[in-house]
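Coordinates in review
Chain by chain, the residues:
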Amino acid sequence: VPVKTPKVFRCGAYVIGVAGSFSLMNVLRCDFRPSPPDEDCDDFERFIVRAFVPHLRQCLRDYALVRTVNGVEFIGDETDSPEMIVAIGSHFVAIERNFQVLTPTWSFWALGGNSALAAMGSLYSTHDLPGDRRDVMAIEAAIAVTHSCGGEVLALCTDVEGSHHG
């Protein structure tokens, strides 16, 4: 069923993408207000791990969206498999459902199971094409392989040129 709830949205200075949990999307869009890194931040991943993720954990705890299994905290319940991409300027990280932070070596990433695999394969194989064409092809690939992927497509860009973090 197509929905209007965006999976990619602005959250203060960040652009955040979420897959796997509408509850997580709603809380982040409506109540999460993370601080951006300082202008002289030279380690984005470290900032995300030490400042962003603790704020994220607390916000999600306030909405009962964190569970603990064998001493490890997870976002959502056992039926959810949420993932996030957090971007600011030219930097982005993936945050897994157990709050692990990953910095991809590629300049692109996708979320959402099989649709993400199709999108990532498309992005990888079209690295020599202009960015806007690659994006369209990746979304088309994701839609082609997954019945739950589709709807209105909206592109949000981080402010790379004016960023003090890139």
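1. Looking at the nonpolar core
A general trend in soluble globular proteins is that nonpolar side chains are found buried together. Counting residues in hydrophobic clusters, the biggest one holds 28 residues, and the most contacted among them are Ile16, Ile48, Phe52, Met84 and Ile95. Those elements that provide at least two residues to this core are β1 (8–11), β2 (14–19), α1 (22–31), α2 (44–62), β5 (83–88) and β6 (91–95). Considering every element that reaches this core, the biggest residue donor is α2, with eight residues. With near-sequence residues (within four places) excluded, Met84 lies in contact with Ile16, Gly17, Val18, Leu24, Leu28, Phe52, Leu56, Val93, Ala94, Ile95 and Leu111. Membership of the second largest hydrophobic core comes to eight residues, among which are Phe108, Ala119, Met120 and Leu123.

2. Observations regarding the packing of helix α3 (residues 114–125) against helix α4 (residues 131–145)
The description of two helices packed together rests on the angle between their axes and the distance between the axes. Remark: α3 packs on α4, axes separated minimally by 8 Å, with the N-to-C direction vectors making an angle of 145°. α3 and α4 meet at a crossing whose hand is right-handed. Judged by residue contacts, Asn114, Ser115, Ala118, Ala119, Ser122, Leu123 and Tyr124 of α3 engage Arg134, Asp135, Met137, Ala138, Ala141, Ala142 and Val145 from α4. In terms of residue class, the contact of α3 with α4 is built from nine nonpolar, three polar and two charged.

3. Some remarks on α3
Helical geometry note: an α-helix holds 3.6 residues per turn, so side chains three or four residues apart project in the same direction. Between its first and last C-alpha, α3 extends 17 Å over twelve residues, near the 16 Å set by a 1.5 Å rise per residue. Turning to α3, the residues buried within the fold contact α4.

4. Observations concerning the side chain of Ser115
Within the secondary structure, Ser115 is located in helix α3. Ser115 has contacts with Ala142, Val145, Thr146 and Cys149, leaving out every residue within four places of it along the chain.

5. Comments concerning the packing of aromatic side chains
This model, assessed by the stated rule, comprises four aromatic pairs. Consider the rings of Tyr14 and Phe52, whose centres lie 5.1 Å apart with planes at 65°: the pair is edge-to-face. With Tyr14 in strand β2 and Phe52 in helix α2, this residue pair connects regions lying 38 residues apart in the sequence. When its relative accessible area of 0% is taken as the criterion, Tyr14 is described as buried. Their ring planes at 40° and their centres at 5.2 Å tell us that Trp106 and Tyr124 sit as a pair that is tilted.

6. Some details on a negative patch on the surface
Where like charges cluster on the molecular surface, the negative patch consists of Asp38, Glu39, Asp40, Asp42, Asp43 and Glu45. The topology assignment puts Asp42 in the loop between α1 and α2.

7. Topic: the sheet that holds β1
Two orientations exist for strands paired in a sheet by backbone hydrogen bonds: parallel and antiparallel. Spatially, the five strands line up as an open sheet ordered β1-β2-β5-β6-β7, and their pairing is antiparallel. Both outer strands of the open sheet, β1 and β7 (101–102), are each paired with one neighbouring strand and no more. In this sheet, β2 lies alongside β1 in antiparallel orientation, the contact comprising four bridges. Residue pairing in the sheet places Cys11 in a bridge with Tyr14 of β2. Packing against the sheet, α2 makes contact with β2, β5, β6 and β7, and its axis sits at approximately 50° to β6.

Cut-off values and rules
Residues numbered from 1 in each chain as written. Predicted model: local features only at pLDDT ≥ 70, side-chain atom pairs only at ≥ 80, totals over all residues. Heavy atoms only, no water. Core = buried A, V, L, I, M, F, W, Y, C linked by side-chain atoms within 4.5 Å. Buried < 20%, exposed > 50% of the residue type's maximum accessible area, 1.4 Å probe, protein only. Helix = DSSP H or I, 4+ residues; strand = E, 2+ residues; numbered from the N terminus. Contact = heavy atoms within 4.5 Å. Axes fitted to C-alpha atoms, helices over the stretch in contact; angles between N-to-C directions. Left-handed = near helix turned anticlockwise from the far one by under 90°. Nonpolar A, V, L, I, M, F, W, Y, C, P; charged D, E, K, R; others polar. Expected span 1.5 Å × (residues − 1). Phe/Tyr/Trp six-rings, centres within 6.5 Å; stacked < 30°, edge-to-face > 60°. Patch = residues over 30% accessible without salt bridge, like charges linked within 9 Å, V, L, I, M, F, W, Y side chains within 5 Å. Areas by Shrake-Rupley, 256 points an atom, 1.4 Å probe, with all protein chains shown as cover. Salt bridge = Lys/Arg side-chain N within 4 Å of Asp/Glu carboxyl O. Lys, Arg positive; Asp, Glu negative; His and termini not counted. Charge placed at Lys NZ, Arg CZ, Asp CG, Glu CD. Pairing = 2+ DSSP bridges.

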